[in-house]
Amino acid sequence: MTTAPAPLFASRLFPAPRPRATDPTAPTKDLLEHLGLVGRTDTTGVHTLLPLGLRVRDRLDRITRDAFERNGFNSLALPTLQSRTLWEESGRWEVYTAEGALVTTRVGGADMCLAPTSEEMATATVRSHLRSHRDLPVRLALNTTKFRDELSPRGGLMRGREFTMADAYTFDPDRAGMLESIRLLNRSCTEALTGIGLHGVFQAPADGGAISAGPTTEHLVLADFGQSSILACDHCGHRGDGTVLTAAFPRTAPRSEPVVNVIVFAVTGPDSATRPTAVCIRSDLTISVRKLTAALGPGHHVELLDPDELPALLGKAAGTLTPWDCAGIDVLHDLSVTHLESFTIADGPDSLRTGASWTGATGLAPLPLYPADVHTAADGLDCGRCPRGRYLATEAVEVAHVFELGTQYSGKMRLTFTDESGIQRTPYMGCSGIGLTRCIQTLAGVHRDADGLRWKPGTGPADVHLVVLRSDQAEQQERTGRTVRRLQQLGLRMLVDDRPLPAGEKFHYAQALGVPTALVLSPQRADGELEAIDRWTGRRSPTTSDQLHTLLRSAA
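Residues numbered from 1 in each chain as written. Predicted model: local features only at pLDDT ≥ 70, side-chain atom pairs only at ≥ 80, totals over all residues. Heavy atoms only, no water.

### Comments concerning the pattern of salt bridges
According to the stated counting rule, one finds 37 salt bridges in the structure shown. For Arg148, the salt bridge is made with Glu99, and the minimal N-O distance between the two is 3.5 Å. With a gap of 49 residues between them, Arg148 in the loop between strand 8 (138-147) and strand 9 (162-172) and Glu99 in helix 4 (residues 92-99) connect regions that are remote in the sequence. Judged by its relative accessible area of 37%, Glu99 is partly exposed. Within this structure, Lys29, Asp30, Glu33 and Arg40 form a network of salt bridges that share partners. (Salt bridge = Lys/Arg side-chain N within 4 Å of Asp/Glu carboxyl O. Helix = DSSP H or I, 4+ residues; strand = E, 2+ residues; numbered from the N terminus. Buried < 20%, exposed > 50% of the residue type's maximum accessible area, 1.4 Å probe, protein only.)

### Quick look at the pairing of strand 8
Within strand 8, 9 of the 10 residues are buried, leaving the element largely enclosed by the surrounding structure. For strand 4 (residues 74-75) and strand 8, the ladder comprises 2 bridges, and the chain directions are parallel. Paired with Asn74 across the two strands is Leu140, which belongs to strand 8. As judged from the 10 bridges shared by strand 8 and strand 9, these two strands associate in the antiparallel manner. Each bridged residue has a counterpart across the sheet, and for Leu140 the counterpart in strand 9 is Tyr169. (Pairing = 2+ DSSP bridges.)

### Comments concerning the side chain of Glu218
Here Glu218 shows up in strand 11 (residues 216-222). Buried and unpaired, Glu218 has Arg438 as its nearest opposite-charge partner, separated by 7.5 Å. (Lys, Arg positive; Asp, Glu negative; His and termini not counted.)

### A few points about the nonpolar core
The biggest cluster of nonpolar side chains holds 48 residues, and the ones touching the most others in it are Leu37 and Ile434. Secondary-structure elements contributing two or more residues to this core are helix 1 (28-34), helix 2 (51-70), strand 9, helix 6 (175-195), strand 23 (391-406), helix 10 (436-447) and helix 12 (503-513). The biggest single contributor to this core is helix 6, with 7 residues. Once you skip the residues sitting within four places of it in the chain, Ile434 turns out to touch Thr64, Phe68, Thr164, Met165, Ala166, Cys189, Ala192, Leu193, Val399, Ala400 and Cys439. (Core = buried A, V, L, I, M, F, W, Y, C linked by side-chain atoms within 4.5 Å. Contact = heavy atoms within 4.5 Å.)

### Considering helix 5 (residues 119-127)
Counted residue by residue, helix 5 has 7 buried out of 9 residues, so it is predominantly covered. The set of residues buried in helix 5 consists of Glu119, Glu120, Met121, Ala122, Thr123, Ala124 and Val126.

### With respect to the sheet that holds strand 1 (residues 8-9)
Read from one edge of the open sheet, 6 strands run 1-28-27-29-30-31, paired in mixed fashion. Looking at the sheet topology across the chains shown, the edges are occupied by strand 1 and strand 31 (540-544). Strand direction decides the pairing type here: strand 27 (residues 464-468) and strand 28 (residues 494-497), joined by 4 bridges, are parallel. Its bridge partner being in strand 28, Val464 is matched across the sheet by Met494. Each of strand 27, strand 28, strand 29 (517-521) and strand 30 (529-534) is contacted by helix 11 (residues 474-489), which is oriented at about 170° to strand 27, the strand it contacts most. (Axes fitted to C-alpha atoms, helices over the stretch in contact; angles between N-to-C directions.)

### Here we look at the packing of helix 2 against helix 10
Each pair of packed helices can be described by the angle between their axes along with the distance between the axes. Between helix 2 and helix 10, the least distance of the axes is 10 Å, while the angle of their chain directions is 115°. On the basis of the axis angle, helix 2 is roughly perpendicular to helix 10. For the element pair helix 2 and helix 10, the recorded crossing hand is right-handed. Counted together, Gly53, Val56, Arg57, Leu60, Asp61 and Thr64 of helix 2 and Leu436, Cys439, Ile440 and Leu443 of helix 10 form the full contact between these two elements. (Parallel < 35°, antiparallel > 145°, perpendicular 65-115°, else oblique. Left-handed = near helix turned anticlockwise from the far one by under 90°.)

In structure tokens:
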């Protein structure tokens, strides 16, 4: 029989519980602080996990690691302190430094960073050992602390500068193998998130940001305290990040002519040559760099062209360009404008010209169209999946993310293996990340009620909250010792409230902290008898130590 970890005793707990100072209706981040799970520091975005919060984090850590190991991943620990050399190999040192997100230092005279993610270190680790196709696939999982100098850390644990991630990295001989690994990454994330008590998680396509130029999938939970905004169709439910969703644009004539803007990008191709590319788009929409990169094809890098270069290139300043000014450079036309029969364009720096059309108008020649889906879908636009719905913006929490990396890192970092024919090839990579510290606050926020927190069985700081009434009596203290030993033999994690306080104050604390089951040890009951209170249903039932395991299993 497994013996559980040593119980926490409220009389010796740091910080001491102060339920009278706890408002169970306070915002979740404040409630976690009031109840002694999370502590603030003098640095915004950096928090202390106090003993109760650490117990939650450690349980989530174990649940997520088990989920990945069940799906064939090997667990390891990669260093968080990483060299500038590795990050320069991938080209991301400059990218993250320009964003101001990289926490850097010098160690032994060399530039180092505290990694916000571990693609470089995972690739370098596999590079040291990978030789043959027989060594593949490689599937690795790790739970480590990450650092990111967020410009606006907010929301407690939701967006911090220091956080714990459950990451995974995969290496396969070809794209088909990578897609199988992506399936396993998504399945492992789903099992992990379900295991920690998040049952409303859904998947949606998303933008990979600075990590991935390929397709990505977010695992999200709808919540009014979410840090992410996603779009969802109000008819068919199609949803995702606006940078990857496609909107529909009806062919019926609009009430007023839309304005067509021209944005020029500097596009670097696989041959390392940089060429200007113009995008024509409706003026009320923004361009998705993710979509634009995908439309141009693999191996392209896109940046906004310096506006100061436009007059020499096209003869006009930014904001005054029209589709007719782009002769001699590549042009793409977003789906928001290709169907327009009549639209408005710039006419000098301060005026507009109406009645323009792709087929020609007074003083304007017909223009060929090169349609491309490059807009960012927005709230109120028609759904691109069904003919009846519209996208509505809603708040959500991103709790996990899965990335198709392809050869983005392995190619740049010269990771190779020998295939069956003896030819050197580059493996395909995938990765995922689950924000463990973010999940603590997400769980607390999703499941709480008006009386405080509610932890799902198997999560939270304990399995049972033993409330000892009249703990000042010697006989009750002896009964407490016997009960604790018996519950430990059952493998239960415990918080024991042995403080000499009135029963009402102890019950208020137990309800606010939200451990799934409270056990009341009362001198009014016979030795060995307890009262179990289910935090989720409020149901009270008599039980004994021997019956308790069956009772808890049925409640899980």
